[in-house]
Amino acid sequence: MQARPSRFLVWGLAFAALAFAIDQATKAAALATLALARGIEVLPFLDLVLVHNRGVTFGLLASDHPAGRWLLILLTGTITVALLIWLKRAQSRTQAAALGLIIGGALGNLVDRLRHGAVTDFLDFHAQDYHWPAFNLADSVIVLGVALLLIAELRAPKGGALSRREA
């Protein structure tokens, strides 16, 4: 007898696919827009500028050495597999959606590392001369997914959604 997937697995995978597709579409548009190399002011606090991030969040662990790239690919792949296992055991739509967003964002950045050797970032928020490190929509959906996981945990009945075991 074949095991039945969790009732929330498809929900989470749909969020992952949507996050991945939007991320890849926006990165393709950024890479195709030559003006982004110089930067485009969109709003007084937002510029679009093309950045290739060889590290992780905020450029940490950046390395031009090929081993660094493959180490980050391996790390991202391992974390994504762990998140997929967690998604299979999701206990709510919110938890499944959150995990799906994180998975979709992680896969978007993983594909960038495989294809380009670096993650494509293009959103540059700033206040006068202070610039937040450039980021992309994959990063945004990962943060949103983590926030939703926290909300799911706070809303869960006693013991919390993260600590309960499936029956």
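Attention here is on the structure that accompanies the text. Everything numeric in this text was worked out from a predicted model, so none of it was measured.

With that out of the way, let us pick up the side chain of D47. Here D47 is to be found in strand β2 (residues 46–53). Among buried Asp, Glu, Lys and Arg side chains, D47 stands out as unpaired, with R38 the closest opposite charge at 12 Å. Apart from residues no more than four positions distant in its own chain, D47 is found in contact with I40, E41, V42, F122, L123, D124, H126 and H131.

For strand β3 (residues 119–127), the tally of buried residues reaches 7 of 9 residues, placing the bulk of the element in the interior. In this structure, β2 lies alongside β3, joined through 6 bridges in antiparallel fashion. Looking at β3, one finds that L46 is bridged to F125. In this sheet, strand β4 (residues 130–131) lies alongside β3 in antiparallel orientation, the contact comprising 2 bridges. Paired with A127 across the strands is Y130, a residue of β4. In this antiparallel pair of consecutive strands, β3 and β4, the connection spans 2 residues, and Q128 shows a positive phi of 55°.

Let's shift gears to the packing of helix α3 (residues 93–116) against helix α4 (residues 137–155). Direction vectors running N to C along α3 and α4 enclose 160°, while the axes themselves pass 8 Å from each other. In terms of their interaxial angle, α3 and α4 are classed as roughly antiparallel. For α3 against α4, the interelement crossing comes out left-handed. Residue-level inspection shows T94, Q95, A98, L99, L101, I102, G105, A106 and N109 of α3 in contact with α4, the latter providing A138, D139, V141, I142, L144, G145, V146, L148, L149, A152 and R155. Residue classes in the contact of α3 with α4 are distributed as 13 nonpolar, 5 polar and 2 charged.

Attention now goes to the packing of aromatic side chains. Scanning the model with the defined rule gives 3 aromatic pairs in all. Note on W11 and F15: the rings are 5.2 Å apart at their centroids and 55° apart in plane angle, and the pair reads as tilted. Of this pair, W11 and F15 both sit in helix α1 (residues 9–32), 4 residues apart, which is roughly one turn of that helix. Given a relative accessible area of 26%, F15 falls into the partly exposed group. Relative to F125, the ring of F45 has its centre 6.2 Å away and its plane inclined at 20°; by these criteria the two rings are stacked. One end of the pair, F45, is in the loop between β1 (40–43) and β2; the other, F125, is in strand β3, and 80 residues separate them in sequence. Residue classification places F45 among the partly exposed positions, given a relative accessible area of 42%. A relative accessible area of 30% means that F125 is categorised as partly exposed. One aromatic cluster in this structure is built from F45, F125 and F135. Across from the ring centre of W11, 4.5 Å away, lies the NZ or CZ of R93, which sits over that ring.

Thresholds, definitions, all that
The written sequence of each chain sets the order in which its residues are numbered from 1. Where local features are concerned, this predicted model is filtered to residues with pLDDT of at least 70; where side-chain atom pairs are given and counted, the filter is 80 or more; whole-chain, interface and lining totals use all residues. Only heavy atoms go into the side-chain values, all of them from the structure, while hydrogens and water stay out. Secondary structure elements are defined from DSSP: runs of H or I of at least 4 residues count as helices, runs of E of at least 2 residues count as strands, and each element is numbered from the N terminus. For the exposure calls, accessible area comes from a 1.4 Å probe over protein chains only, and a residue counts as buried if that area is under 20% of its type's maximum, exposed if over 50%, partly exposed in between. When charges are counted, neither His nor the chain ends are considered; positive counts come from Lys and Arg and negative counts from Asp and Glu. Salt bridges are defined as contacts in which a side-chain nitrogen from Lys or Arg sits within 4 Å of a carboxyl oxygen from Asp or Glu. Contacts were defined at the residue level, with two residues in contact if any of their heavy atoms lie within 4.5 Å. Note: two strands are recorded as paired if DSSP finds a minimum of 2 bridges between them. Throughout, an axis means a line fitted to C-alpha atoms (over the contacting stretch in the case of helices), and angles, computed between N-to-C directions, take values from 0 to 180 degrees. Angle categories: roughly parallel below 35 degrees, roughly antiparallel above 145, roughly perpendicular from 65 to 115, and oblique for all the rest. When the near helix sits turned anticlockwise from the far one by under a right angle, the crossing is termed left-handed; a clockwise turn instead gives a right-handed crossing. Each residue is assigned to one class: nonpolar for Ala, Val, Leu, Ile, Met, Phe, Trp, Tyr, Cys and Pro, charged for Asp, Glu, Lys and Arg, and polar for all the others, Gly among them. When the centres of two rings from Phe, Tyr and Trp lie within 6.5 Å, Trp using its six-membered ring, the rings pair. Their planes under 30 degrees apart give stacked, over 60 give edge-to-face, and anything left gives tilted. In this scheme, Lys NZ or Arg CZ marks a charge over a ring once it lies within 6 Å of the ring centre and within 35 degrees of the ring normal.

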